[in-house]
Amino acid sequence: MFMTISTTGTQERPATDLGFLLHKHPDRKQSFSTSHGTAHVLYPEANAERCTAALLLEVDPVALVRRGKGKGRGGSPDLALAQYVNDRPYAASSLLAVALSTVFKSALHGVCNARPERVEQPMPLRIEVPALPARGGAELVRSLFAPLGWSTVEAVPVPLDAQFPEWGESRYVQLTLEGELRLADALRHLYVLLPVLDDSKHYWVSPDEVDKLLRAGEGWLPSHPEQKLITSRYLSRRWGLTRQATQRLELARLADADDIAVEELDNAVAEESGPAEADERPTPLAEQRREAILGALRAAGAGRVLDLGCGQGQLVQVLLKDVKFTEIVGVDVSVRALTIASRRLGLDRMGERQAERVSLIQGSLTYTDKRLTGYDAAVLSEVIEHLDLPRLPALEYAVFGAARPRTVIVTTPNVEYNVRWETLPAGHVRHGDHRFEWTREEFRGWAGEVAERHGYGVEFVPVGPDDPEVGPPTQMAVFTMTPVHENTTPTTSDEAKKEAKAA
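Residues numbered from 1 in each chain as written. Predicted model: local features only at pLDDT ≥ 70, side-chain atom pairs only at ≥ 80, totals over all residues. Heavy atoms only, no water.

Attention now moves to the packing of aromatic side chains. In this structure the tally under the stated criterion is 9 aromatic pairs. Ring geometry for F436 versus W438: centroids 4.7 Å apart, planes at 40 degrees, classification tilted. Look at F436 and you get buried, because its relative accessible area is 7%. Positioned over the ring face of F20 is R115, at 3.9 Å from the centre of the ring. Over the aromatic face of Y375 sits the side chain of R304, whose NZ or CZ is 4.2 Å from the ring centroid. (Phe/Tyr/Trp six-rings, centres within 6.5 Å; stacked < 30°, edge-to-face > 60°. Buried < 20%, exposed > 50% of the residue type's maximum accessible area, 1.4 Å probe, protein only. Lys NZ or Arg CZ within 6 Å of the ring centre and 35° of its normal.)

Put simply, the largest pocket is a space of about 960 Å³. In terms of lining, the largest pocket is formed by 31 residues, of which the most central are G309, S381, E382, V383 and H386. For the lining of the largest pocket, the secondary structure elements donating two or more residues are helix 13 (285–300) and helix 14 (314–320). If one sorts the elements of the lining of the largest pocket by residue count, helix 13 sits on top with 5 residues. Tallied by class, the residues present in the lining of the largest pocket amount to 11 nonpolar, 12 polar and 8 charged. (1 Å grid on protein atoms, 1.4 Å probe; cavity = no way out; pocket = protein on both sides within 12 Å on 5 of 7 lines; lining within 4 Å. Points joined across faces, edges and corners; volume = space filled by probe spheres on them. Helix = DSSP H or I, 4+ residues; strand = E, 2+ residues; numbered from the N terminus. Nonpolar A, V, L, I, M, F, W, Y, C, P; charged D, E, K, R; others polar.)

Glancing now at the environment of V305. Counting through the fold element by element, V305 comes out in strand 8 (residues 304–308). Each C-alpha atom of the pair V305 and V329 lies 6.4 Å from the other, and the pair is 24 residues apart in sequence. If sequence neighbours within four positions are ignored, V305 has contacts with L297, L319, F325, E327, I328, V329, Y375, A377 and V379. (Contact = heavy atoms within 4.5 Å.)

The 7 strands lie next to each other as 10-9-8-11-12-14-13, forming an open sheet whose pairing is mixed. The open sheet is flanked by strand 10 (358–362) and strand 13 (456–463), the only strands paired with a single partner. Here the strands of the sheet are splayed against their neighbours by 15 degrees on average, with no regard to which way each runs. (Pairing = 2+ DSSP bridges. Axes fitted to C-alpha atoms, helices over the stretch in contact; angles between N-to-C directions.)

Our next topic: helix 6 (residues 137–145). Residues of helix 6 that are buried include every one of A138, L140, V141, L144 and F145, and no others. Along the axis of helix 6, the buried residues cluster in a sector spanning 160 degrees; they form a single face. At its buried positions, helix 6 is contacted by strand 6 (152–159), strand 7 (169–181), helix 7 (183–198) and helix 9 (227–234). (Arc of directions from axis to C-beta.)

It is the contact of helix 3 (residues 94–103) with helix 7, at a shortest axis distance of 8 Å, that shows an interaxial angle of 155 degrees. Accordingly, the angle class assigned to the pair helix 3 and helix 7 is roughly antiparallel. Helix-helix and strand crossings are classified by hand; for helix 3 and helix 7 the assignment is left-handed. Residue-level contacts link S94, L96, A97, L100 and S101 of helix 3 to L187, L190, Y191, L194 and P195 of helix 7. (Parallel < 35°, antiparallel > 145°, perpendicular 65-115°, else oblique. Left-handed = near helix turned anticlockwise from the far one by under 90°.)

Here we take up the pattern of salt bridges. Counting across every chain of the model gives 26 salt bridges. Here R182 makes a salt bridge to E120, at a shortest N to O gap of 2.9 Å. Here the residue R182 occupies a position in the loop between strand 7 and helix 7, and E120 occupies one in the loop between helix 5 (116–119) and strand 5 (123–133), the gap between them amounting to 62 residues. For D199, the salt bridge is made with R237, and the minimal N-O distance between the two is 2.8 Å. Of this pair, D199 sits in the loop between helix 7 and helix 8 (208–216) while R237 sits in the loop between helix 9 and helix 10 (239–258), and the two are 38 residues apart along the sequence. For D199, a relative accessible area of 11% puts it in the buried group. Salt bridges sharing partners connect three or more residues here, namely E120, R182, D185 and R188. (Salt bridge = Lys/Arg side-chain N within 4 Å of Asp/Glu carboxyl O.)

Attention shifts here to the pairing of strand 4 (residues 50–59). The side chains of a regular strand alternate between the sheet's two faces. Of all 10 residues making up strand 4, 7 are buried, and the element is well covered by its neighbours. Here strand 1 (residues 2–8) runs beside strand 4; their pairing, made up of 7 bridges, is antiparallel. By the bridge assignment, F2 is partnered in strand 4 with L56. Taken together, the 8 bridges between strand 3 (residues 37–46) and strand 4 define a ladder with antiparallel strand orientation. Residue pairing in the sheet places V41 in a bridge with L55 of strand 4. Turn length for the strand 3-strand 4 hairpin, with the two strands adjacent in sequence and antiparallel, is 3 residues.

The next subject is the sheet that holds strand 7. Read from one edge to the other, the open sheet built from 7 strands follows the order 2-3-4-1-5-7-6, with strand pairing classed as antiparallel. Both outer strands of the open sheet, strand 2 (30–34) and strand 6, are each paired with one neighbouring strand and no more. This sheet shows a mean twist of 15 degrees between the axes of neighbouring strands, independent of strand direction. The strands touched by helix 6 within the sheet are strand 6 and strand 7, with strand 6 carrying the most contacts at an inclination of about 160 degrees. Helix-sheet contacts for helix 7 involve strand 1, strand 5 and strand 7, and the interaxial angle to strand 5 is about 15 degrees.

It is worth spelling out the nonpolar core at this point. Counting residues in hydrophobic clusters, the biggest one holds 69 residues, and the most contacted among them are F104, F145, W150, L183 and V192. For this core, the element with the most residues is helix 7, which contributes 10 residues. When sequence neighbours within four positions are dropped, the list of residues in contact with W150 reads L125, I127, F145, L177, E178, G179, L181, A186 and H189. Membership of the second largest hydrophobic core comes to 31 residues, among which are L372, V399, V410 and F443. (Core = buried A, V, L, I, M, F, W, Y, C linked by side-chain atoms within 4.5 Å.)

To continue, consider the environment of R440. With respect to the secondary-structure elements, R440 resides in helix 18 (residues 440–454). The spacing of R440 and E416 is 24 residues in sequence and 7.6 Å in space, taken between C-alpha atoms.

What follows is the structure in structure tokens.
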């Protein structure tokens, strides 16, 4: 994957100023690691009259397969062979756009302390991209770039095979752009429009992509005649995000037309609510539960944590924000849940350092699993009530008897509190998949027996408002291994052993 940026100059304004603007010295070849390979910056020519910077991206096909599959996550068709044999290493796409923003980050933001006066000055630019996927053909390429001030937009279709012209043209074009523009503007055009023309992204499009699009499109996207198509394709046709971006772009266009700040135009609602209004919005129970779990983990001094039954990764996401948790492993039996968790966490675009702290694995909590041994703490948040009661001994043995973390945190609904839910019919459980919901006495009885059998002490913590009559909505047990039982195998009931073996 390859592109070049060229400019011309004079002795007074040498072309080699391009090196200052890009923050890359023309006399050195530099390499940068990306999540999918290595980006190289080199200068085929560099003198006062003419300077060319080349960005070469070597894509690691193995990393591409591991980090994303299918359309929108690698961009290859959903065929068994296509994830290994495709155009991603060669054709300009979102992979090149991400490399562009990583390698030329300061230039993209218009920052250059060495030549600050050159940042705002248009300069003669020539950009060449030898292989650009263009879903919409050469005409679409011209309609996207021409309104942006480029004097020349040349998109030459690449034939499927030059020796067999009757086969027709491929979906690729050889792109050449020429014009006098600010370098930062030119880079922003490419950052947005490369994945738009490819109509695919190699990573999951999350809500923060709207902010990225608006930042890169500032000054040109609100008035672009193809704004709707650009926004839709850039956000991978996620209609909620597209609608949000379109509304904000229209606001920016109106503010620009009236020559006022967006904040002055969009002032119908105050940014900050007063204390009285804030009190009207209670903290959701799920958030209170996560805060209680975090508090218990910190009090236990846990660094390596298992989230057993991690679901869609909400707790894992919170744990990642605290650097004290050095290793976080999410475990769930559902592949679909793990896929959603991976997207939520942004594993495919996460930095290498952060990615080393987290992993998601598939596994059943009623099976013993050697991968789960040796951790400081394990969390079972709203998990046990999803198992049939006869299966609980197997889970007990797998967690407390085999994995044996020093601390185990278990949360589960308090059925006594259900009478306080106005929308919950009498006699119904809170979720259709709950096999049971325990009273406080039943939960304490189970937890006490588990702790005694496996050499743990246990404390109980209310989560949510602690009603004097029916208790809290969520009950939490914090199991702590007693010192005398560390590095020992506890006595396990025959029932638990038989159930674990049967599982």
